[in-house]
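Listed here are the chains, written in short residue letters.
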Amino acid sequence: MTAAIGPRALLAAIGAGAVAVLALWWQSTLSITGLGGWLTGAGEILGLLAGYGVIILVLLMARIAPIERGVGADRLARWHATGGRYVISLVSAHVLTIVWGYAANAHTNPVTETGSLLTTYPDVLMATVAWGLLLGVALVSARAVRKKLRYETWYYLHLYTYLAIALAFSHQFADGASFVSDVAARFWWAALYAVIGALVLWYRVVVPARDFVRHGFRVAGVRHEAPRTVSIYIKGRRLRELEAAPGQFFRWRFLTRGQWWQSHPYSLSAVPNDELMRITVQDVGDHSAGLSRLKPGTRVIAEGPYGAFIPVRSGRPALLLAGGVGITPLRAMFAAVSGTVTLIYRASTWQDVVFQAELDAIAEARGATVHYVVGTRSDFGGDPLSATALRQLAPGLHRMDVYLCGPPGMTGSAVAALTEAGVPRRRIHYESFEF
Ligand SMILES: Cc1cc2nc3c(=O)[nH]c(=O)nc-3n(C[C@H](O)[C@H](O)[C@H](O)COP(=O)(O)OP(=O)(O)OC[C@H]3O[C@@H](n4cnc5c(N)ncnc54)[C@H](O)[C@@H]3O)c2cc1C
């Protein structure tokens, strides 16, 4: 079973690293005098924290299996986005305080000092280009701009962060007071970057390539489930070795002419066996729409399994609450979760409902309950998933573990309704289909 590193352990390790960074600054700073000294000291701390923060952002996105399983890809993406805002603020504040502090020390003005820093200090020009790149990445990641860009455009622009990190690296050793005369500090700092770089290469390149060769993933067939939804069956060798749990997802790269260059996350919609996996995809854009045309035999790179949306073994009854295509991971869980289980499946129309025969068969085989809540809000004269409605559909709700997957609007209102119905927040597990 793959080990898991949970959110607390990861945050504690990141926090301990930040304390070590502050200690590094402390032991390399003999005294601080005057405005220039204070500003320069602040600039050095900010720079060190920015240099640490940026490599931690990379770590969060390295797709390290134990972290993905313990923390969850959606939470890691949220931390990465929030952390990114802090890091760009740290870098910008570092630039401003260093320029101002050096200007104060040299009794000159910040504009003249900027020219001097760019032309006479080693590698500062490259670091300035890196700052510009990071500002550009921050701009395209701002919600208002990102909404207007295609996902792939945003994603590939985002990769300039790696270039920015490479460009900024050398100025830290060439100009940073904590590093210039401390070989041990340089060694440990370089080791941190090298280890995280190696983890990125290992988990994002080597492991998927190894699994591709080892398991030989290929499309086995495509089945139409609903007007805009298809299931793709993927065959391979010794798939149990992947240790995929119900509720998890893979990033799928189908090696066809139009699709090989992009990978997309889709959850397993059935518990895999040793030879076959299944995903079920709703057509919402160019990639998902193209999957209905996949030919049997198409090679596939499957990267994963990822995600912390996995049933916990608590012994409590479980409620699975699905909205629309959010049924996919819950369909896999419905067959696998142990103990008493109730499934509530919310859809706007009966045409959108998938797996009805399968769900009914699973319910009958294991003595579970399934409720289809189908129709618009106006058909129901209100929210069919209100606290009162949920209590009626799942008696004893407040004692249950709840697994929730659906569109963002439904997820938000369902979490509020479940909390109102007395389910403690820590027992509501949900996965977002948006990073
Ligand atoms: C953890 C997870 C599990 C998912 N499981 C399923 C599933 O089982 N079935 C299903 O139908 N859908 C699932 N999705 C959603 C699915 O990934 C997107 O609908 C799909 O990537 C859309 O791509 P597109 O090119 O068809 O549409 P586009 O129009 O390009 O994208 C529509 C939206 O999908 C998101 N998206 C697009 N590309 C990516 C990408 N490469 N990585 C992450 N998000 C992207 C963006 O928010 C974008 O705004 C899942 C998403 C996540 C994050």
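Residues numbered from 1 in each chain as written. Predicted model: local features only at pLDDT ≥ 70, side-chain atom pairs only at ≥ 80, totals over all residues. Heavy atoms only, no water.

## Comments concerning the overall build of the protein chain
For step 1, the next point in the chain: Along the backbone of the protein chain there are 16 helices and 11 strands.
For step 2, the next point in the chain: Taken along its principal axes, the extent of the C-alpha atoms in the protein chain is 80 × 50 × 40 Å.
For step 3, the next point in the chain: Going through the 435 residues of the protein chain one by one, you find that 47% of them count as buried.
For step 4, the next point in the chain: Long-range pairs, those at least 24 residues apart, make up 70% of the contacts in the protein chain with a sequence separation of at least 6.
For step 5, the next point in the chain: Looking at the protein chain as shown, the accessible area adds up to about 21,200 Å², and 63% of this sits on carbon and sulfur atoms.
For step 6, the next point in the chain: With 40 positive and 27 negative side-chain charges, the protein chain shows a spacing of 3 Å between the two charge centroids. (Helix = DSSP H or I, 4+ residues; strand = E, 2+ residues; numbered from the N terminus. Buried < 20%, exposed > 50% of the residue type's maximum accessible area, 1.4 Å probe, protein only. Contact = heavy atoms within 4.5 Å. Areas by Shrake-Rupley, 256 points an atom, 1.4 Å probe, with all protein chains shown as cover. Lys, Arg positive; Asp, Glu negative; His and termini not counted. Charge placed at Lys NZ, Arg CZ, Asp CG, Glu CD.)

## Overview of a positive patch on the surface
For step 1, the next point in the chain: Together, Arg-85, Arg-143, Lys-147 and Lys-148 line one region of the surface with positive charge.
For step 2, the next point in the chain: A total of 3 residues in the positive patch trace back to one element, the largest contributor, which is helix 7 (residues 143-148).
For step 3, the next point in the chain: Structurally, the position occupied by Lys-147 is in helix 7.
For step 4, the next point in the chain: Exposure remark for Lys-147: the relative accessible area of 71% places this residue in the exposed category. (Patch = residues over 30% accessible without salt bridge, like charges linked within 9 Å, V, L, I, M, F, W, Y side chains within 5 Å. Salt bridge = Lys/Arg side-chain N within 4 Å of Asp/Glu carboxyl O.)

## Focus on the sheet that holds strand 3 (residues 249-254)
For step 1, the next point in the chain: Read from one edge to the other, the open sheet built from 3 strands follows the order 4-3-6, with strand pairing classed as antiparallel. Of all the strands in the sheet, just strand 4 (264-267) and strand 6 (300-306) have a single pairing partner and so form its edges. Shown here is a sheet whose adjacent strand axes are inclined to one another by a mean of 30°, direction ignored.
For step 2, the next point in the chain: In this structure, strand 3 lies alongside strand 6, joined through 5 bridges in antiparallel fashion. (Pairing = 2+ DSSP bridges. Axes fitted to C-alpha atoms, helices over the stretch in contact; angles between N-to-C directions.)

## Quick look at the packing of aromatic side chains
For step 1, the next point in the chain: One pass over the full model with this rule turns up 17 aromatic pairs.
For step 2, the next point in the chain: With a centroid separation of 6.5 Å and 40° between ring planes, the pair formed by Tyr-156 and Trp-261 is classed as tilted. With a gap of 105 residues between them, Tyr-156 in helix 8 (residues 151-158) and Trp-261 in the loop between strand 3 and strand 4 connect regions that are remote in the sequence.
For step 3, the next point in the chain: For Trp-261, a relative accessible area of 29% puts it in the partly exposed group.
For step 4, the next point in the chain: In this arrangement the basic side chain of Arg-146 is found over the ring face of Trp-154, its NZ or CZ atom lying 3.7 Å from the centre.
For step 5, the next point in the chain: The lysine or arginine in question, Arg-251, covers the ring of Tyr-306, its NZ or CZ lying 4.9 Å from the ring centre. (Phe/Tyr/Trp six-rings, centres within 6.5 Å; stacked < 30°, edge-to-face > 60°. Lys NZ or Arg CZ within 6 Å of the ring centre and 35° of its normal.)

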